[in-house]
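Coordinate analysis (summary)
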Amino acid sequence: MLKIDSVGLGISAVPLLKNITIDCPRGSVTALMGPNGAGKTSLLKVISGEHKASEGRVEINRQSREEWKPADIAQFMAVLPQSSTLEFAFTSEEVVALGRTPHATGTVRDAEIITAALAKVDASYLALRSFVQLSGGEKQRVQLARVLAQIWEHCEGDASTDGILLLDEPSAAFDLAHQLMLIDIVRQISTRGVTVVMVMHDLNLAAKCADQMVFMNCGHCTAVGTVTELLTPELIHKVFSVDAEVITHPVQGTPMVVV
Amino acid sequence: MKLLNSRLISPKRCFLLLLIALPLVSLLGLMTGPVFIPLSDILAIIFSGGGGGGGANSQEKLIVEIIRLPRVVLSLLVGALLATCGALLQGLFRNPLADPALIGVSAGASVGASLVIVFGSMLTANGLLLGLSAISVGAFAGAIITSVIIFRLATGPQGTSVATMLLAGIAISALAGAATNTLSYLADNDMLRRISLWQMGNLQGASWDRVGLCAVTSGFLGLLIPREAGALNAMLLGESEARHLGVNVEWLKRRLIIYSALGVAISVAVAGVIAFVGLMIPHVIRLLVGPDHRALLPLSALAGAILLVAADALARVVITPAELPVGVVTALLGAPFFLWLLVVQRRRT
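Note that this is a predicted model, so its numbers are computed, not measured.

Cut-off values and rules
- Residues numbered from 1 in each chain as written.
- Chains lettered and ligands numbered in written order.
- Predicted model: local features only at pLDDT ≥ 70, side-chain atom pairs only at ≥ 80, totals over all residues.
- Helix = DSSP H or I, 4+ residues; strand = E, 2+ residues; numbered from the N terminus.
- Rg over C-alpha atoms; globule rule 2.2 N^0.38 Å.
- Buried ≥ 20, exposed ≤ 12 C-beta atoms within 10 Å, placed from the backbone.
- Contact = placed C-beta atoms within 7 Å.
- Expected span 1.5 Å × (residues − 1).
- Arc of directions from axis to C-beta.
- Nonpolar A, V, L, I, M, F, W, Y, C, P; charged D, E, K, R; others polar.
- Pairing = 2+ DSSP bridges.
- Axes fitted to C-alpha atoms, helices over the stretch in contact; angles between N-to-C directions.
- pLDDT = per-residue confidence, 0-100.
- Right-handed = clockwise from strand over helix to strand, strands pointing away.

1. Description of the overall build of chain A
For chain A, the helix and strand inventory stands at ten helices and twelve strands. Expected size for 259 residues packed as a compact globule is a radius of gyration near 18 Å; at 18 Å, chain A falls within 12% of this value. Out of the 259 residues in chain A, the part that is buried amounts to 46%. In chain A, once contacts between residues fewer than 6 apart in sequence are set aside, the share between residues at least 24 apart is 67%.

Now the structure itself:
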């Protein structure tokens with residue numbers, strides 16, 4: 001679905017990304033992890049088309065990223081940025097409605113999708129509230145509903161094409177319950193065929209839903225593999241310069257990082 | 001749930017109210033002036049067409065047909081153009097305080113007009129072009145030239161930077177202000193008076209030719225601008241967000257800049273610099289019905305038209321038999337209102 005082939009990015013003299021190769025098959029969840037300034041967001045921006053790769057290529061649906069027109073790719077790929085700068089007093093409902101901009105499905109269908117998307121992120125009660133007055137976590141949930149609404153058919157598994165969802169630190173402003181809600185949503189839509197790539201800082205949270213982890217450092221890809229392959233004290237020390245123990249979750253059996 | 005709704009009024013109701021207010025204010029505009037004409041005579045003149053004119057005498061008929069009617073129609077069109085362009089620019093800059101004057105278009109127009117007033121005395125004698133005096137042509141040229149300069153300055157290999165455009169607009173405005181001041185310094189008394197009057201905006205020069213020019217521009221923009229409403233809404237989220245929603249942001253920005261430069265240049269050419277309509281009207285409409293451009297653009301056009309007709313009617317009666325420049329009236333109404341708005345907003349947050 002999504003192929004990143006030896007991608008490099010150099011905006012100034014210092015390269016931001018170097019020789020990154022990742023393969024994200026249909027319905028997979030990839031977590032990009034690493035210290036601040038490792039190039040996670042830059043990589044996400046290369047995929048979303050905001051930056052053009054100066055080396056290598058990104059392939060979406062067997063077609064080079066540059067060949068996609070914005071209007072066509074917006075039909076099946078949604079992007080959630082780190083923070084929102086919306087300063088106009090849209091209601092939350094209207095913000096989610098903006099997610100339907102690329103589609104011509106009609107107001108009735110769109111209204112159904114907007115209601116369902118808000119319910120999915122536990123934000124139905126915010127529908128008529130002014131977006132600018134919401135808290136950081138509430139804003140992020142409404143924005144999440146917006147990107148889900150954009151690829152709603154894909155998230156529900158009734159689209160003819162495959163969807164892609166790019167998330168940049170989606171859980172940063174979430175409380176514990178909503179972090180788990182995010183994990184549930186990501187797992188659910190990936191089983192329905194949506195390919196998810198997300199930047200995350202919480203190793204344990206990522207371990208709960210990622211099929212594939214990517215450790216990045218200084219624009220390089222240090223390691224790519226499954227959660228059990230990557231969550232080792234040695235690799236964590238190498239990438240994050242932190243001494244950590246990896247234990248097994250007593251009930252779920254997944255690896256857990258303890259510092 | 002209703003209580004949580006942050007809107008004061010529904011777009012439909014707002015549209016209806018403005019639609020009722022528009023003909024009422026227009027009739028008021030036709031009635032007021034140095035010579036008061038009663039409503040019955042106005043109606044008789046309008047509905048008799050080329051006929052006898054009912055109870056109205058021929059002098060009243062002449063005043064309405066040749067002076068007041070074109071003036072009211074021109075005010076409607078200029079008000080609508082200014083308010084719509086203001087809404088477009090505020091959407092483009094994602095800043096509710098943006099205004100046509102901010103990107104230097106008005107300042108450029110002032111230089112053009114002043115140049116003609118000071119150096120073009122031989123031109124002004126030579127008659128009109130499409131009903132425009134040489135001053136108007138100068139203003140139009142000045143507005144278009146500054147728009148192009150600012151656009152070119154802000155456009156690099158990575159596309160057009162809206163922030164750079166804003167800064168370039170401020171710098172060019174300062175430069176244009178210096179040029180206008182120099183011209184004012186060189187000007188004699190009569191020229192100086194004409195420059196300052198022009199900068200305050202007035203609709204005295206209204207004629208059917210100007211109405212025609214304005215109507216063609218408004219019609220053209222009125223067909224094109226509503227198509228951008230959805231994309232403008234997406235732009236409010238941010239440029240990259242709009243791109244992810246399938247908007248071709250670079251072309252959208254270009255189209256918006258062309259539309260607003262054209263709209264402002266034409267309105268400045270026919271009526272001088274009229275302050276605050278482009279800033280205030282979209283702001284008020286946004287407070288009433290929310291920022292959705294599908295409602296904001298048509299409602300701003302309506303409200304802008306109403307405001308300018310009302311302000312112009314006021315300008316004609318405040319110090320009769322003389323008249324106040326309409327730009328002074330809009331600023332007098334607009335500035336205190338705007339300050340009040342700022343205070344209210346600060347209290348809210």
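2. Quick look at the overall build of chain B
Summing up its helical and strand segments, chain B has 15 helices and two strands in all. Computed over its C-alpha atoms, the radius of gyration of chain B comes to 21 Å, within 12% of the 20 Å expected for a compact globule of 349 residues. Counting only C-alpha atoms, chain B reaches 65 × 60 × 35 Å along its principal axes. The 349 residues of chain B split such that 51% are buried.

3. Points about helix α9 (residues 208–224) of chain B
All names here are of chain B. Here α9 spans 24 Å end to end across 17 residues, near enough to the 24 Å set by a 1.5 Å rise per residue. Among the residues of α9, those classed as buried are Arg-210, Val-211, Leu-213, Cys-214, Ser-218 and Leu-221. Along the long axis of α9, the arc covered by the buried residues comes to 160°, so they all point the same way. Of the residues in α9, the exposed ones pointing more than 90 degrees away from the buried face are Gly-219 and Leu-223. Buried residues belonging to α9 abut α3 (58–92) and α12 (249–271).

4. Comments concerning the environment of Leu-126 of chain A
Locating Leu-126 of chain A in the fold gives a position in the loop between α4 (107–120) and α5 (136–150). Once the C-alpha coordinates of Leu-126 of chain A and Val-142 of chain A are considered, the two residues, 16 residues apart in sequence, prove to be 8.3 Å apart.

5. Things to note about the interface of chain A and chain B
Tallying the contact residues gives 23 residues for chain A and 23 residues for chain B. When contributions to the side of chain A that touches chain B are tallied by element, the ones reaching two or more residues are α2 (70–73), β6 (77–80) and α3 (92–98) of chain A. Looking at the side of chain A that touches chain B residue by residue, the classes come out as 13 nonpolar, six polar and four charged.

6. Some remarks on the sheet that holds strand β2 (residues 17–24) of chain A
Within a sheet, each strand pairs with its neighbour through backbone hydrogen bonds, oriented either parallel or antiparallel. All names here are of chain A. Strand order across the open sheet formed by four strands is β2-β1-β4-β5, with antiparallel pairing between neighbours. Edge positions in the sheet fall to β2 and β5 (63–64), since each has one partner strand and no second. Bridge count between strand β4 (residues 55–60) and β5: two bridges; the pairing is antiparallel. Considered in β5, the bridge of Glu-59 is made with Ser-64. Sitting on the sheet, helix α1 (residues 40–48) is in contact with β1 (2–9), β2 and β4, with an inclination near 120° to β1.

7. Let's talk about the sheet that holds strand β3 (residues 29–33) of chain A
Residue and element names in this part refer to chain A. Read from one edge to the other, the open sheet built from six strands follows the order β6-β7-β8-β3-β9-β10, with strand pairing classed as mixed. The open sheet terminates on both sides in strands that have one partner only, identified here as β6 and β10 (220–225). When the angles between neighbouring strand axes are averaged without regard to direction, this sheet yields 15°. Note: β6 against strand β7 (residues 164–168), four bridges, orientation parallel. Residue pairing in the sheet places Val-79 in a bridge with Leu-166 of β7.

8. Structural notes on the confidence of the model for chain B
Should pLDDT be low for a region, the predicted coordinates there are not to be read in detail. Residues and elements named next belong to chain B. Per-residue pLDDT for chain B averages 85, and the proportion of residues at 70 or more is 91%. Mean pLDDT in chain B bottoms out at helix α5 (residues 121–124), which sits at 56, and peaks at helix α10 (residues 229–236), which reaches 95. Under the prediction, the complex receives an ipTM of 0.91, its pTM being 0.89.

9. Let's talk about the environment of Ile-9 of chain B
Relative to the elements of secondary structure, Ile-9 of chain B occurs in the segment before α1 (11–31). The sequence separation of Ile-9 of chain B and Leu-287 of chain B amounts to 278 residues, and the corresponding C-alpha distance is 9.3 Å.

10. Focus: unusual backbone geometry
All names here are of chain A. The phi dihedral of Asn-61 is positive, around 55°, even though this residue is not glycine. Secondary-structure assignment places Asn-61 in the loop between β4 and β5. Since 16 C-beta atoms lie within 10 Å of it, Asn-61 is described here as partly exposed.

11. Some remarks on the pairing of strand β8 (residues 195–199) of chain A
All names here are of chain A. Along β8, five of the five residues are buried, which leaves the element largely enclosed by surrounding structure. Burial along β8 is two-sided: the face carrying Thr-195, Val-197 and Val-199 and the face carrying Val-196 and Met-198 are both buried. Note that β3 and β8 share four bridges and pair parallel. Residue Leu-32 lies in a different strand from β8, and its bridge partner there is Val-199. Pairing of β7 with β8 involves five bridges; the strand directions are parallel. Bridge assignment links Ile-164 to a residue of β8, and that residue is Thr-195. Considered for its hand, the β-α-β crossover made up of β7, helix α7 (residues 176–191) and β8 is right-handed.

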